[in-house]
Amino acid sequence: MGITVVEVTKKFGDFVALDDVSVAIPEGSLTALLGPSGSGKSTLLRVIAGLEEPDGGQVLLGDDDVTHQPARARGVGMVFQHYAAFKHMTVWENVAFGLKVRKRPKPEIANRVHELLELVQLEGLAKRYPAQLSGGQRQRMALARALAVDPEVLLLDEPFGALDARVRKELRAWLRRLHDEVHVTTIIVTHDQEEAMEVAGQIVVINQGRVEQVGTPRELYDSPANEFVMSFVGPVNKIGDTFVRPRDISLSLEPDGESTEAMVERVVHLGFEVRAELVRDDGQHLLAQLTQEEAQALELERGLIVYVKPSRQTVFTR
Amino acid sequence: MTAKHALRFGALGYLALLLLLPVGLVFYRTFEHGFHPAWAAVTNPQAQHALWLTLIIAAIAVPANTLFGVVLAIALVRHRFPGRGLVNAVVDLPLALSPVVVGLALYLLYGTGGWLGGLAGHGIKILFALPGMTLATIFVSLPFVVREVVPVLREIGTDQEQAAETLGAAPFTTFRRITLPAIRWAVGYGVVLTTARAIGEFGAVSIVSGRIEGKTETLPLYVQSQFEGFNTTGAFAACVVLALIALATVLAMRMFRPNDASLAMPFGGRGGSAGTAVLTRFGRRKGYGAESNVVKEEA
């Protein structure tokens, strides 16, 4: 079911969390709400879930205006950053909760819970309590619990934020596969641009309660609408009014007409990728991104003088 | 002797001198002339009526304060309403006020010429009767459940309740299935403290009861009247009954304060539940699940 947010405004006291926000989330898509802390992305998710009531505007699920419906009537599945596991219930009871409050027959509940625990690979842990699970397992349990009631939409609020980097990466890939299987319209809130790009088909960039840009990961990276998006969706060099991605800085050992001289301050090896921190004569710092082969060909090391030239740059008119 | 031993013996000696010795003496004096006189002293009709009355008052006051305490704790933690700060402060009033003041206040309110003194003319007897004594007991034992439950409610936060809501649970279902299990230890502990206070209350009840022997005399009042009447065996024997009730209460309290072993298993450190408030009180805060330590980023 598609989600339409129309001119939603939400204030907390004097703080404007959402300022006239309109977004359309296509049915079956996996959309990321991306923005820095305090940008309003979580508030937008909570407005869609029905956990916050907007001060103005409308929320539609499919064609139904649900703006004033309580969360329990909306048929959304929600996953929270800190799992919100029911601590006094076993994994099995956690997943069964939504079905039990809907008073489904017992055999149906048993089947469904079994099916979901299999889906999230927790079959063997059904009798455990949340405290006996790892963070990643807890979050998979929370996901199974949200999916148990066959939600029309699945809302994930920084679901991997409390996990360590390796588990986070695994779960992202797993979520992506899960979405391909289940096809439920999904929104994931994140402040991590890499996570958004890796998981989502569509990204909504939010800043200071406003939507800055909506697009595919590629569109955001290649044609950012403004400075904010440009610098938020990836590393960037700001030289005066122009913006250059580190990847678009080419280095050579010989000067040509357009290049400028710079000294290598630091070289960081990240496996296949190499990052070079440079400083120009005029004190301008630059970050360049190279492949390992390129770095080897240049014999890049601290103190080396190189000639830099942006191969591609962006200027935003204000 | 190491400093650790000195500390230990010091603490034990202090407790022995101030608590165990006097209470022990009460036991000793009670059974000084054998078991029979003591038994006779607590089984006479006046003593039995006092015990009965004490239990009836506790049986009304404790459930009333438990219900009220849980509702008020939820209102204070989960809702914003005008006067919330005032209510929060007023809840502690019974702890700060001398019980004599409570008794006198009720006396002024319901006594002849008091605002509600006219009730007596309509056959509703408050003062010098069970209702007044119960009101006084409710008043002095009011804060315990609230004060136990509030920190636990804060600790568990709203995530679980909101998750239940998105899963389709109505507010009362969420309370019954999610909130109540999470605060049950705190409620239990509060009930134990409330019971102890309700059974032992002397000052406030003394004033509103009028101390009519065999009619409005609770067990603590009975002790006083026997003592004043030079029936020391009767007074001490009743003291022993009170002390035994207190002992049972302390044991119940131990049950509601999970030990370290139980922290490790199912309900364990699991924040919120169990002894969060209790452990904090005893400075032994430990054993939380990792998630409770994480600071929330966005509201």
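Here's a quick rundown of the structure. (Residues numbered from 1 in each chain as written. Chains lettered and ligands numbered in written order. Predicted model: local features only at pLDDT ≥ 70, side-chain atom pairs only at ≥ 80, totals over all residues. Heavy atoms only, no water.)

**Quick look at a negative patch on the surface**
Going by this rule: Within this analysis, patches are made of residues with over 30% relative accessible area and no salt bridge. Like charges are joined at 9 Å or less; nonpolar side chains (Val, Leu, Ile, Met, Phe, Trp, Tyr) at 5 Å or less. Here, Shrake-Rupley sampling with a 1.4 Å probe gives the accessible areas, and only protein chains in the shown set may cover a residue. Each salt bridge in this description consists of a side-chain nitrogen of Lys or Arg and a carboxyl oxygen of Asp or Glu lying within 4 Å of one another. Under the convention used here, Asp and Glu are negative, Lys and Arg are positive, and both His and the chain ends fall outside the count. One atom stands in for each charge, and that atom is NZ of Lys, CZ of Arg, CG of Asp or CD of Glu. Relative accessibility under 20% of the residue-type maximum defines a buried residue, over 50% an exposed one, and the middle range a partly exposed one, all with a 1.4 Å probe and only protein chains included.
A cluster of acidic side chains, namely A:Glu27, A:Asp63, A:Asp64, A:Asp65 and A:Glu152, defines a negative patch on the protein surface. Judged by relative accessible area, A:Asp65 falls into the partly exposed class, the value being 41%.

**Regarding unusual backbone geometry**
Residues and elements named next belong to chain A. For clarity, the cut-off: Helix and strand labels come from DSSP, where a helix needs a run of H or I of at least four residues and a strand needs a run of E of at least two; each type is numbered from the N terminus.
Phi is positive for glutamine 121, close to 60°, though the residue is something other than glycine. Residue position: glutamine 121 is located in the loop between α3 (106–119) and α4 (135–148). In the Ramachandran plot, glutamate 299 falls in the positive-phi region, its phi being about 50° despite a non-glycine side chain. Following the sequence through the fold, glutamate 299 ends up in the loop between α9 (292–298) and β17 (305–310). Overall, glutamate 299 belongs to the exposed group, its relative accessible area being 63%.

**What about the interface of chain B and chain A?**
Many analyses report the size of an interface as the accessible area lost when the parts associate. Note the threshold: By definition in these notes, contact holds between two residues if any of their heavy atoms fall within 4.5 Å. Accessible area, probed at 1.4 Å, shrinks when two parts are joined; the buried area is that loss added up over both. Think of a polar contact as two N or O atoms within 3.5 Å of one another; within protein, one of them needs to be a possible hydrogen donor and the other a possible acceptor, and neighboring residues in sequence only count if both atoms come from side chains. Gly falls in the polar group here, along with every residue not listed as nonpolar (Ala, Val, Leu, Ile, Met, Phe, Trp, Tyr, Cys, Pro) or charged (Asp, Glu, Lys, Arg).
Facing the 27 residues of chain B at the interface are 36 residues of chain A. Both faces combined, the contact of chain B with chain A buries some 2900 Å², and carbon together with sulfur accounts for 59% of it. Counting across the chain B and chain A interface gives zero salt bridges. Seen at the junction of chain B and chain A, the total is three residue pairs in polar contact (both at pLDDT 80 or more). Mapped by element, the contributors of at least two residues to the side of chain B that touches chain A are α9 (159–166) and α10 (171–200) of chain B. The biggest single contributor to the side of chain B that touches chain A is α9(B), with seven residues. For the side of chain B that touches chain A, a count of residues per class yields 13 nonpolar, five polar and nine charged.

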